[in-house]
Number of protein chains: 2
Amino acid sequence: MGEFKHLVIVKFKEDVVVEDILKDLEKMVAEIDSVKSFEWGQDLESPEMLRQGFTHAFLTTFDKKEDYTVFVGHPKHQEFSATFSTVLEKIVLLDFPATLVKPPPKAPAEEPPATLNDQK
Amino acid sequence: MGEFKHLVIVKFKEDVVVEDILKDLEKMVAEIDSVKSFEWGQDLESPEMLRQGFTHAFLTTFDKKEDYTVFVGHPKHQEFSATFSTVLEKIVLLDFPATLVKPPPKAPAEEPPATLNDQK
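It should be emphasised that the depicted structure is a prediction, and the values quoted were computed from it without experimental measurement.

J.: In this structure, what is going on with the relation of the copies chain B and chain A? I would like to understand it.
T.: Both copies of the chain are related by a screw-like operation: a rotation about an axis and a shift along it. Take chain B, turn it by 180 degrees, move it 0.0 Å along the axis, and it overlays chain A with an RMSD of 0.0 Å. What the superposition gives is, in effect, a two-fold axis relating one chain to the other. A high fraction, 100%, of the interface residues of chain B reappear at the interface in chain A, so the copies pair face to face through one surface.

J.: Got a minute to help me understand the pairing of strand β1 (residues 4-12) of chain B in this structure?
T.: The side chains of a regular strand alternate between the sheet's two faces. Residue and element names in this part refer to chain B. Buried residues dominate β1, accounting for eight of its nine residues. Where β1 meets strand β3 (residues 56-62), seven bridges bridge the pair, whose relative direction is antiparallel. Residue pairing for β3: K5 is matched across the bridge by T61. One ladder, built from nine bridges, connects β1 with strand β4 (residues 88-97); its direction is antiparallel. Within the sheet, the bridge partner assigned to F12 lies in β4 and is L88.

J.: Is there a simple way to think about the UniProt feature "domain: Stress-response A/B barrel" (unreviewed entry) in chain A in this case?
T.: The feature "domain: Stress-response A/B barrel" (unreviewed entry), as annotated in UniProt, sits at residues 4-96 of chain A in this numbering. Across residues 4-96 of chain A one finds 40% helix and 33% strand; the C-alpha atoms that close the span lie 6 Å apart.

J.: Mind showing me how you'd approach the packing of aromatic side chains here?
T.: Any pair of aromatic rings gets described here by the distance separating the centres and the angle formed by the planes. Within this structure, the stated rule accounts for 14 aromatic pairs over all chains. Measuring from centroid to centroid gives 6.4 Å for F38(B) and F58(B), while their planes differ by 5 degrees, and the two rings are stacked. Here the residue F38(B) occupies a position in strand β2 (residues 37-42), and F58(B) occupies one in strand β3, the gap between them amounting to 20 residues. Pairwise contacts between aromatic rings join F12(A), F38(A), F58(A), F80(A) and F84(A) into one cluster. The ring centre of F54(A) lies 4.5 Å from the NZ or CZ of K90(A), which sits over that ring.

J.: Even after reading the chapter, I still don't get the sheet that holds strand β5 (residues 99-101) of chain B, so can you show me in this structure?
T.: Hydrogen bonding along the main chain pairs the strands of a sheet, whether they run parallel or antiparallel. Here five strands make up an open sheet; going across it, the order is β4(A)-β1(A)-β3(A)-β2(A)-β5(B) and the pairing antiparallel. Strand pairing shows two members of the sheet lacking a second neighbour, β4 (88-97) of chain A together with β5 of chain B, which therefore form its edges. On average, each strand axis in the sheet is tilted by 15 degrees relative to the strand beside it, whichever way the strands run.

J.: How do you make sense of the environment of E26(A) when you look at a structure like this?
T.: The residue E26(A) is located in helix α1 (residues 18-31) in this model. Remark: the alpha-carbon pair of E26(A) and E39(A), spanning 13 residues in sequence, is separated by 9.1 Å. Excluding its chain neighbours within four sequence positions, the residues that come into contact with E26(A) are F38(A), W40(A) and V101(B).

J.: I keep staring at the environment of K36(A) and nothing clicks. Help me out?
T.: All names here are of chain A. Tracing the backbone shows K36 in the loop between α1 and β2 (37-42). Note on K36: relative accessible area 36%, which makes it partly exposed. Sequence separation between K36 and V10 is 26 residues; the distance between their C-alpha atoms is 22 Å.

J.: Could you clarify how one ought to interpret the pairing of strand β3 (residues 56-62) of chain A in this entry?
T.: Within β3(A), seven of the seven residues are buried, which leaves the element mostly enclosed by the surrounding structure. Across the two faces of β3(A) the burial is the same, with H56(A), F58(A), T60(A) and F62(A) and A57(A), L59(A) and T61(A) all buried.

J.: I would appreciate a short explanation of empty space enclosed by the protein in the present structure.
T.: Over the atoms a probe the size of a water molecule is rolled, and this reveals where empty space is left. Scanning the model with the defined rule gives two cavities of 30 Å³ or more in all. Here the largest cavity is characterised by a volume of approximately 50 Å³. Forming the boundary of the largest cavity are K5(A), L7(A), L59(A), F96(A), L7(B), E39(B), W40(B), A57(B), F58(B) and L59(B). Of all the elements, β3(B) adds the most residues to the lining of the largest cavity, at three residues. Residue composition of the lining of the largest cavity, by class: eight nonpolar, no polar and two charged. The volume enclosed by the second largest cavity comes to roughly 30 Å³. Considering the residues around the second largest cavity, the lining is formed by L7(A), E39(A), W40(A), G41(A), A57(A), F58(A), L59(A), L7(B), L59(B) and F96(B). Counting residues per element, the ones that place at least two in the lining of the second largest cavity are β2 and β3 of chain A.

Reading guide: rules and limits
Within each chain, residues carry numbers counting from 1 in the order of the written sequence. Chains carry letters and ligands carry numbers; both start at the beginning, A for chains and 1 for ligands, and go up in the order they are written. In view of the model being predicted, local features appear only for residues whose pLDDT reaches at least 70, and side-chain atom pairs are presented and counted only at 80 or more, with totals across whole chains, interfaces and linings using the full set of residues. Here the side-chain values reflect all heavy atoms present in the structure, with hydrogen atoms and water set aside. Alignment of copies: least-squares fit on C-alpha atoms of residues with pLDDT of at least 70 in both copies. In this description, contact between two residues means that some pair of their heavy atoms is separated by no more than 4.5 Å. Working definition: with a 1.4 Å probe on protein chains only, accessible area under 20% of the residue-type maximum means buried, over 50% means exposed, and in between means partly exposed. For helices the rule is a DSSP run of H or I covering at least 4 residues; for strands it is a run of E covering at least 2, with both sets numbered from the N terminus onward. Two strands form a pair only when DSSP identifies at least two bridges running between them. UniProt positions are given in the numbering used here, feature names are shortened, and annotations may be inferred rather than shown by experiment. Pairing of aromatic rings covers Phe, Tyr and Trp, the last through its six-membered ring, and needs centres within 6.5 Å; plane angles under 30 degrees mean stacked, over 60 mean edge-to-face, and all others mean tilted. We call a charge positioned above a ring when the Lys NZ or Arg CZ atom is no farther than 6 Å from the ring centre and deviates by at most 35 degrees from the ring normal. Every angle, taken between N-to-C directions, lies between 0 and 180 degrees, and every axis is a line fitted to C-alpha atoms, over only the stretch in contact when it is a helix. A 1.4 Å probe that fits but cannot get out identifies a cavity on a 1 Å grid over protein atoms alone, an open set with protein on both sides within 12 Å along at least five of seven lines counts as a pocket, and a residue lines either if it has an atom within 4 Å of a point. Grid points are joined across faces, edges and corners, and a volume is the space filled by probe spheres set on the points. Each residue receives one of three labels: charged for Asp, Glu, Lys and Arg, nonpolar for Ala, Val, Leu, Ile, Met, Phe, Trp, Tyr, Cys and Pro, and polar for the others, Gly being one of them.

Here is the structure:
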């Protein structure tokens, strides 16, 4: 089993100072040791029809599911979540073991084994 | 500017053979060189209230936004998307430059610079 991911996408309420929330969020994940990494982004590109009002994605990565469980129960996470839920207009949350698929590297052009052919 | 991410969360229609779709999806991202990596997962944990029927997340990563643009316009992506849209009950899509925040390593206990103090 590979990494475990905690994915949150949100739309903030109007008049929310998103920068302040982001600072608190980055501080929270930095303070919880079981978090392996954290990345976030603000949608730039998607047609409104496809993003449906959601603007931000937050992706927290753990080495294993047990680390996620520690994170969920951590007092600093619970404290942050209580505040976070008050500034959101909507949220979707998915938690899943991640399957990583990398594109295979290009196969190098094979050289014919000339010397073997010569031996025929 | 760091990596660029293409995030898709979906709920499949009933009677869809998800395994077949996943195989086509993995094949598609493997065939498009501008895709740096691809990961996906099926939600295991979230309360229905929070996942709102969404079951799968797909995250495609690019080295830069230009690689994402190549991906979007690629014939193999367009062919896949045309089929993909027919098997979905709902979808949310976010595209964003990713900000990666890692928890800082624990600061080691600092040794006082004894020799400098001695020179006072």
